Amino acid sequence: MTCVLAAFVLPANAEQTTSVAEQTIASLNRLSGGPHSGSRANHAKGVLAVGSFTPTDEAAAISIAPHFKESVPVIVRFSTGTGLPVIADGNPNSRPYGMAIRFTLPQGGVTDFVGISYDGFPVSTPEDFLGLLNALEGAGQSIDTFLASHPAALAFAQTPKPAPASFGSQSYFGVHAFEFINADGIRHFGRYRILPLSGNDFLSETEAAKRPNDYLMDELPLRLEQGEVKFKIVLQLAEKGDAINDASIAWPKERAVVELVTLTLSKPVTNSKHQEKTLAFNPLILPDGIAPSNDPVLLVRPIVYAISVGRRN
């Protein structure tokens, strides 16, 4: 078994890509009044839990990835949006929420998943994401002008994103497509969807505003003390003509799905605040059986994360 760091296959304009990544980090920091020492530039506020990832027979049939063949331990980080480490969990600006998973593979090594609580992404390129941040800052074109010329960003802004009662009662979506290869060499492109077995449970805006600032961060450990929190992870399969390399285009909901695994969270991490600062997730650390798409937002993520981690530490 080998792991492939797909960042090594970035296009030839790596210098330009790095510049965009650096500008993105700087803009995120300015928007949050940062940089905030020891915190991420985005999704700064989080909480950790540990558990296991147990695959179905269907998972092994769609990919030779080692964690699709046997149960593996995981550590999961849930987070609020923005670079504000003290933002109220119920604040509308804290959405979409984040979910990142680190899988420890059977023969050594790791692989990561990064998702959000919104099915899609506001833009299709790193340059447009930087343009969106600049518009939010009031630099360059106005946010109204930017949204008018970017329909996916407008939809992202207008789509309701209610606050959940718990991180464990919220669905999460893989923003990017990956290619899954099975033992017969058959390939499928798919996107992850992570669904709480207990169902989605949302608060009204009035209810969310009344909750304590850290209600999601505090609720998850309490919930885990009472029992396991489980999610079903499915893979939504692309059909011919679906956008593989554009994260801003969600695929139709009627696309076929393959049930991959049950994700079981068993206990909180007692030193969560300290340990999460040492974690740096990278969705392009991939095992055999999973390959990246050419989505430019996906390919720039390792650079953005590396810059953010370097400055955080």
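Here, the structure is the one placed above.
Okay, so let's go over this structure. Everything quoted here is computed from the prediction, not taken from an experiment.

## A few points about the overall build of the protein
Then step 1. A tally of helices and strands in the protein yields nine helices and twelve strands.
Then step 2. For the protein, the C-alpha radius of gyration of 19 Å lies close to 20 Å, the compact-globule estimate for 313 residues.
Then step 3. By principal-axis analysis of the C-alpha atoms, the protein measures approximately 50 × 50 × 40 Å.
Then step 4. Classification of the 313 residues of the protein by burial places 51% in the buried group.
Then step 5. For the protein, the share of sequence-separated contacts (at least 6 apart) that also reach a separation of at least 24 residues comes to 75%.

## Let's talk about helix H3 (residues 126-137)
Then step 1. Under the 1.5 Å per step criterion, the end-to-end length of H3 is 17 Å for twelve residues, consistent within 8% with the ideal 16 Å.
Then step 2. Among the residues of H3, Pro126, Phe129, Leu130, Leu132, Leu133 and Ala135 are the ones counted as buried.
Then step 3. Within two residues after H3, Gly138 carries a phi angle of roughly 90 degrees, on the positive side.

## Section: the nonpolar core
Then step 1. In this structure, Phe68, Phe78, Ile101, Tyr192 and Leu260 are the most contacted members of the largest nonpolar core, which totals 46 residues.
Then step 2. Once residues lying within four places of it in the same chain are set aside, the contact partners of Leu260 are Thr54, Pro55, Thr56, Ala59, Ile62, Phe68, Tyr192, Ile233, Val234 and Leu235.

## Brief notes about the pairing of strand E4 (residues 98-104)
Successive side chains on a regular strand alternate, one facing one side of the sheet and the next facing the other.
Then step 1. Judged by how many residues are buried, E4 sits mostly within the fold: six of seven residues are covered.
Then step 2. Pairing geometry for strand E3 (residues 72-79) and E4, over six bridges, is antiparallel. Across the sheet, Ser79 pairs through a bridge with Gly98, a residue of E4.
Then step 3. Relative to strand E5 (residues 110-116), E4 runs antiparallel, the two being bridged by seven bridges.

## Focus on the pattern of salt bridges
Then step 1. Applying the stated criterion across every chain yields a total of twelve salt bridges.
Then step 2. Salt-bridge contacts for Arg255 lead to Asp242; the nearest nitrogen and oxygen are separated by 2.7 Å. One end of the pair, Arg255, is in the loop between strand E9 (229-237) and strand E10 (257-268); the other, Asp242, is in the loop between E9 and E10, and 13 residues separate them in sequence. Accessibility assignment for this pair places Arg255 and Asp242 in one class, buried.
Then step 3. One salt-bridge network, in which partners are shared between bridges, spans Lys45, Asp89 and Asp214.

## Looking at the pairing of E5
Then step 1. The buried fraction of E5 is high, at five of seven residues.
Then step 2. The hairpin formed by E4 and E5 contains five residues between the paired strands, and Gly108 there has a positive phi angle of roughly 105 degrees.
Then step 3. Pairing analysis gives two bridges linking E5 to strand E6 (residues 172-174), with the strands arranged antiparallel. Across the sheet, residue Ile116 finds its bridge partner in E6, namely Phe173.

## What about the environment of Gly199?
Then step 1. Note on placement: Gly199 falls in the loop between strand E8 (187-196) and helix H6 (205-210).
Then step 2. Overall, the relative accessible area of 25% leaves Gly199 in the partly exposed class.
Then step 3. In sequence terms Gly199 and Pro85 are 114 residues apart; their C-alpha atoms lie 28 Å from each other.

## Let's talk about the packing of aromatic side chains
Then step 1. Within this structure, the stated rule accounts for twelve aromatic pairs.
Then step 2. On the basis of an interplanar angle of 35 degrees and a centroid distance of 5.6 Å, the ring pair of Phe121 and Phe129 is categorised as tilted.
Then step 3. Grouping aromatic residues by their ring pairs yields a cluster made of Phe53, Phe68, Phe103, Phe113, Phe180 and Tyr192.
Then step 4. Over the ring of Phe156 we find Lys161; its NZ or CZ atom is 4.4 Å from the centre of that ring.
Then step 5. Over the ring of Trp251 we find Arg191, and its NZ or CZ is 4.2 Å from the ring centre.

## Topic: unusual backbone geometry
With glycine set apart, most residues show a phi of negative sign, and most peptide bonds adopt trans.
Then step 1. At the junction of Gly34 and Pro35, the peptide bond is cis and its omega measures out at 10 degrees in the coordinates.
Then step 2. With respect to the helices and strands, Pro35 occurs in the loop between helix H1 (14-31) and strand E2 (46-55).
Then step 3. Even without a glycine there, the phi angle at His43 is positive, about 55 degrees.
Then step 4. With respect to the helices and strands, the residue His43 is situated in the loop between H1 and E2.
Then step 5. One non-glycine residue, Thr82, adopts positive backbone phi at about 75 degrees.
Then step 6. Here Thr82 is to be found in the loop between E3 and E4.

Quick notes on the rules
Residues numbered from 1 in each chain as written. Predicted model: local features only at pLDDT ≥ 70, side-chain atom pairs only at ≥ 80, totals over all residues. Heavy atoms only, no water. Helix = DSSP H or I, 4+ residues; strand = E, 2+ residues; numbered from the N terminus. Rg over C-alpha atoms; globule rule 2.2 N^0.38 Å. Buried < 20%, exposed > 50% of the residue type's maximum accessible area, 1.4 Å probe, protein only. Contact = heavy atoms within 4.5 Å. Expected span 1.5 Å × (residues − 1). Core = buried A, V, L, I, M, F, W, Y, C linked by side-chain atoms within 4.5 Å. Pairing = 2+ DSSP bridges. Salt bridge = Lys/Arg side-chain N within 4 Å of Asp/Glu carboxyl O. Phe/Tyr/Trp six-rings, centres within 6.5 Å; stacked < 30°, edge-to-face > 60°. Lys NZ or Arg CZ within 6 Å of the ring centre and 35° of its normal.

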